[in-house]
Amino acid sequence: MASNETEPVSTAEGTGVVITTGFGNFHMLGAAAAAADRGTLAMVFCGAYPTERLSRFAGLIAPMLSQINVAKFSGRGIRQLPDAKVAPQILAELIFKLHLLLSRRRWTRLADDALEIALRLSARSTRASLDHLKTQAKILHYRAGFGLECLDEARRQGYVLLCDHSIAHPQALDALIDGNGAFARKTSPDRLSRLWSLVLEDIHKADHVVVNSDFVRETFQQCGERTDNIHVIYQGIDDTFLAGLPPKPPSGSDALRKFFFAGYFTRRKGAPLLLAS
């Protein structure tokens, strides 16, 4: 892993954390809520989030725009997360939605451009707030790919950089997909897509990296990265979700078995293996 070349010239004075979650209902919103509950959250930067003001606005325009699912949008909200601690990056997420639309139409170059604009806009928005937040926080907990130019400024101001990476090492992904989960070789950095190049850059700038499984940590080791600063924290399952599951069929039952799949149903997520089984 590359060394950090920029030494801090000041020390963040607070004891809390600034969190940047990226777009969507990502698990780091839960981390932000937990930090808020403990009184350690300085601010969370995220995509569109149902603050009271945004929820009212969404309700007003929903009848005019059929694409807006107010219930789904409201579902992003977390009770323990006060509006005053949330900084929604709405424009950045709208550009990200444009990236998804362009990707579905296979306009790859334009889609990549839109994605990078969205990521950099998010990072610059966070960077602009770091100076006044350093009286409250000393840790920047960021989602890989959303740190970018914000990180050099954070280091200059003395923040500890904690990168959250929730998938295999970028250089291991292609091999894992081609091998149905078996790792054979790593992808050369110069052959990574623009997104994964930015993600890898964010990982390399971190003081610490948190991953969600021992498997992910092993992919870092297989790719020749340092692992002494990698911390494994498994994500739990919401009790509300478990309580809503239907009863398990009796053993040996001939009843049709149903599978619940959360996420994009793609090759990278193992969809062909699930269908084949």
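Whatever comes next refers back to the structure up there.
This one's a predicted model, so the numbers in the text were calculated from it and none came from an experiment.

Reading the values: the criteria
- Throughout, residues of each chain are indexed from 1 in the direction in which the sequence is written.
- The predicted origin of the model limits local features to residues at a pLDDT of at least 70 and limits the giving and counting of side-chain atom pairs to 80 or more, whereas totals for whole chains, interfaces and linings rest on all residues.
- Heavy atoms from the whole structure form the basis of all side-chain values; hydrogens and water molecules are not counted.
- Only DSSP runs of H or I reaching four residues or more are called helices, and only runs of E reaching two or more are called strands; each is numbered from the N terminus.
- Throughout this description, buried means an accessible area under 20% of the type-specific maximum (1.4 Å probe, protein chains only), exposed means over 50%, and partly exposed covers the range between.
- Note on contacts: a residue pair is in contact if any heavy atoms of the two residues lie within 4.5 Å.
- Note on areas: Shrake-Rupley, 1.4 Å probe, and residue coverage restricted to the protein chains presented here.
- Of the grid points, spaced at 1 Å and generated over the protein atoms alone, those admitting a 1.4 Å probe that cannot get out make up cavities, while open sets with protein on both sides within 12 Å along at least five of seven lines make up pockets; any residue with an atom within 4 Å of a point is treated as lining.
- Grid points are joined across faces, edges and corners, and a volume is the space filled by probe spheres set on the points.
- Given the number of residues in a helix, its expected span is that number minus one, multiplied by 1.5 Å.
- Each pair of strands is called paired provided DSSP finds at least two bridges between the two strands.
- Clockwise travel from the first strand over the helix to the second, with the strands pointing away from the viewer, marks a crossover as right-handed.
- To define a nonpolar core, start from buried Ala, Val, Leu, Ile, Met, Phe, Trp, Tyr and Cys residues and group those joined through side-chain atoms within 4.5 Å.

(A) Region of interest: the overall build of the protein. Along the backbone of the protein there are 11 helices and 7 strands. Each of the 277 residues in the protein was classed as buried or not, and the buried ones make up 41%. Considering only intrachain contacts with a sequence separation of at least 6, the fraction spanning at least 24 residues in the protein is 67%. Surface accessibility of the protein: about 16200 Å² in total, with carbon and sulfur atoms responsible for 55%.

(B) Examining the layout of surface pockets more closely. As a volume, the second largest pocket reaches approximately 940 Å³. Along the wall of the second largest pocket there are 30 residues; nearest its centre are H27, G30, A31, Q235 and G236. Elements with a minimum of two residues in the lining of the second largest pocket: β1 (16-22), α1 (28-37), β4 (137-143), β5 (160-164) and β6 (208-211). The greatest single-element share of the lining of the second largest pocket, amounting to 4 residues, is contributed by α1.

(C) Inspection of helix α5 (residues 108-133) at higher detail. Between the first and last C-alpha of α5 there are 37 Å, a value that for 26 residues agrees with the 38 Å anticipated at 1.5 Å per step. As for α5, its buried residues are in contact with β1, β2 (41-46), α4 (90-104), β4, α6 (149-156) and α8 (194-205).

(D) Expanded view of the pairing of β5. Note that β4 and β5 share 5 bridges and pair parallel. Residue pairing for β5: H141 is matched across the bridge by L162. The parallel pair β4 and β5 is bridged by α6, and the resulting crossover is right-handed. Note: β5 against β6, 3 bridges, orientation parallel.

(E) Quick look at unusual backbone geometry. Although it is not a glycine, R106 sits at a positive phi angle of roughly 65°. Mapped onto the elements of the fold, R106 is located in the loop between α4 and α5. The exposed category is assigned to R106, whose relative accessible area is 73%. Positive phi values are uncommon outside glycine, yet L148 reaches one of about 50°. In this fold, L148 is placed in the loop between β4 and α6.

(F) Inspection of the nonpolar core at higher detail. Of all hydrophobic cores here, the largest spans 49 residues; its most connected members are V18, L140 and Y159. Here this core gets 8 residues from one element, more than from any other, and that element is α5. Of all hydrophobic cores here, the second largest spans 13 residues; its members include M28, A35, V44 and C46.

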